[in-house]
Amino acid sequence: MFKNLKNKELLFLLVIILVSIVFIFSRVRYDFFSGINDSVFHVSRVFEIRESFLNGHIPGWTNIYSFSHTGQAISGMYPDFTLWPFILVTSWLSPVHQWQLILGLVMIVTWVIHARACYLITKNIKESILLAYVSSFSGVTLLSFHYGQLASGIAYALFPLLIVYCIEILKSTQFNYKLSLYFGITMSLIVYSHVISTIIASTVLIILCAGYLWKNYFDNIGMIVRHLLSAIIIVLILSSPILYRIIYISKSGLLPPIKLPFSEYPYTKDLLDILTTSLVSRWDTYISLSILVLSIYLFSHWYITNKDTRLLLMLSISILILGSQIFPWVFLKDTPIALIQAPTWRFLPWFSVFIILAMAYLLRDNKKVDFTHKLLLILSVITFLSFLGNTERIDKSMLSKPTYMKKTFYTSTKIQNRVKFSNENIEALNGIRAYFDYAPRVAGDNKKNPWQPSKVVMNTYRHIGENNDKKKVFKILPTANQEIKLKVKDVKRGTLTIPVWNYSSLKYNVKVNGKTVKYSATPHGNIAISLDQNIKSAVISVHHLTPRTYIGLVIFIAVLWGVLILIYLINFFRNHFKNNLMRHSAK
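The following paragraphs examine the structure supplied in this document. (Residues numbered from 1 in each chain as written. Predicted model: local features only at pLDDT ≥ 70, side-chain atom pairs only at ≥ 80, totals over all residues. Heavy atoms only, no water.)

It is worth spelling out the pairing of strand β8 (residues 507-512) at this point. Burial along β8 is one-sided: Tyr508, Val510 and Val512 are buried, and none of Lys507, Asn509 and Lys511, which face the opposite way, are. As paired elements, β8 and strand β12 (residues 535-545) share 6 bridges and run antiparallel to each other. Residue pairing across strands places Tyr508 opposite His544, the latter belonging to β12. Note that β8 and strand β9 (residues 515-517) share 3 bridges and pair antiparallel. Residue pairing across strands places Lys511 opposite Thr516, the latter belonging to β9. Where β8 folds back onto β9 in an antiparallel hairpin, the turn is made up of 2 residues, including Asn513, whose phi is positive at roughly 50°. (Buried < 20%, exposed > 50% of the residue type's maximum accessible area, 1.4 Å probe, protein only. Helix = DSSP H or I, 4+ residues; strand = E, 2+ residues; numbered from the N terminus. Pairing = 2+ DSSP bridges.)

Set out below in structure tokens:
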């Protein structure tokens, strides 16, 4: 490794990497960050976890500090375990600086993992660094940095490892438990991160397996099945806390995430438009210029490619088809797959992974292609300069036009408008937009406009309840505990509907002025209590009781992860010591 450092090209690249890291961390100097309207959703999720840690408890299933303090189950239905370490180590920062630093950390982690995946193929540090640099500043990572899609960004970071392990399983002629273990661990981390990315990854893996088996005539189908079944068992065990809470909450009957109206669905683009956008756009794109050039280079060298490279290139074509208007998505409009919302946005960024892995396999078997290193170096510089220039451009535009997100409530559907977030308005942003994702199904859909929430959802977000069929506006009180506190004045004896969601499969502890009371569910999914007297000023607290089974699963899996990491470290240092001993013996 250290001999390679004498190479001028590698030294130059390492300088770029250092500058990139410095640039990413230097963005903390700003007291704002930019995003799009939909970034409110992702910022709120991070804010919920942040406040949970700052108040001394692990994040719960329902939203206490975010999403207008409605007790919505967004936290429970969106996997978040891989976000926890990033948020935990940055919680000492202000919300804006924390967000900026997490984005930078995710990008750096992506680069490291992608380099590791490429190194497993090439066994060459320089080539791995170059390839990873191109991919880690492209695809989902780029969208994550500018849109705030942290969860899918983390899944994207892990995806190359998943593909490499899958290919090794497909080629294996003997059972290797490590392959199943590594594959299972990687897939479970994706499950920990993002449901839709898990669906996309599973779809791609099915295509990969089908393509390989078709080419190899099912020669080693028994060994493949054995490896994959072992891996699936590992995934189910390691992902059990996430799967448990999703299944548990789903029993209540939930509204699905937003489905695009089919006049606008499948939200795909023309393939030519996708490719030309890559040439001119710096951030609102799905395939970067560097990846596009690399793919053209690979296809032009088809005649010297190996089976692995050709398979991955064919898969990249499949991804292009799935992400464009070529694929007939309209026939899937009434199927669960429609929940992926936007095939172009979901599939195309993964194109980058297949291209860098295809190049890695090409380099593994064709070491004499000297021009490739120079090409990768040039593309790395282009990738960095494009990222650097565009990010600076966006920041300067935000400095010149202080377009902070307004604190007033809105239900705008135009989520692509770029806006500005500040420390002062992040907490307020949690209540300015009504989300119906995973609210109780009885809250109802908006039949007239699928983009807009129902009246019940709107009233709940606005903290409007009822007292004997008369509207009552509640005030949210600050809390240091895992509960929602509301205050309402002049309530009369009878039924009081609280603007907090009730999930039928969950249990709550409801108190009025410190006294526990019985509760019920309204026909529209809110919590209701019965008062036997008039109360001039009532402080109501609602606490979701997390099942002990879930807590036990989290503790068990945390211990299991600790054991796995300990075993890995012991083996790593043992092998390192053994290799050094062998070198000294040889001398």
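Before going further, it helps to examine the packing of helix α5 (residues 95-122) against helix α8 (residues 150-171). The contact between α5 and α8 brings their axes to 9 Å, and the two run at 5°. Considered as vectors, α5 and α8 are oriented roughly parallel to each other. Here Trp99, Ile102, Leu103, Val106, Thr110, Ile113, His114, Arg116, Ala117, Leu120 and Ile121 of α5 lie close against α8, whose contacting residues are Leu150, Gly153, Ile154, Tyr156, Ala157, Leu158, Pro160, Leu161, Val164 and Tyr165. When its residues are assigned to classes, the contact of α5 with α8 shows 17 nonpolar, 3 polar and 1 charged. (Axes fitted to C-alpha atoms, helices over the stretch in contact; angles between N-to-C directions. Parallel < 35°, antiparallel > 145°, perpendicular 65-115°, else oblique. Contact = heavy atoms within 4.5 Å. Nonpolar A, V, L, I, M, F, W, Y, C, P; charged D, E, K, R; others polar.)

Right, let's talk about a nonpolar patch on the surface for a bit. Taken together, the side chains of Ile221, Val225, Leu229, Ile232, Leu236, Leu243 and Ile247 present a nonpolar region at the surface, about 590 Å² in accessible area. Mapped onto the nonpolar patch, the elements with two or more residues apiece are α11 (221-238) and α12 (240-250). Looking at the nonpolar patch element by element, the count peaks at 5 residues for α11. Mapped onto the elements of the fold, Ile232 is located in helix α11. The exposure class assigned to Ile232 is partly exposed, which follows from its relative accessible area of 45%. (Patch = residues over 30% accessible without salt bridge, like charges linked within 9 Å, V, L, I, M, F, W, Y side chains within 5 Å. Areas by Shrake-Rupley, 256 points an atom, 1.4 Å probe, with all protein chains shown as cover. Salt bridge = Lys/Arg side-chain N within 4 Å of Asp/Glu carboxyl O.)

Right, let's talk about the sheet that holds β9 for a bit. Within a beta sheet, neighbouring strands are joined by backbone hydrogen bonds and run either parallel or antiparallel to one another. Within the open sheet, the 5 strands sit side by side as β5-β6-β12-β8-β9. Their pairing is antiparallel. Of all strands in the sheet, those with a lone pairing partner are β5 (475-477) and β9, marking the two edges. Averaged over all adjacent pairs, the angle separating strand axes in this sheet is 35°, with direction ignored.

The end-to-end C-alpha distance of helix α17 (residues 351-365) is 22 Å, a good match for the 21 Å that 15 residues give at a rise of 1.5 Å each. Among the 15 residues in α17, 13 count as buried, and that is most of the element. (Expected span 1.5 Å × (residues − 1).)

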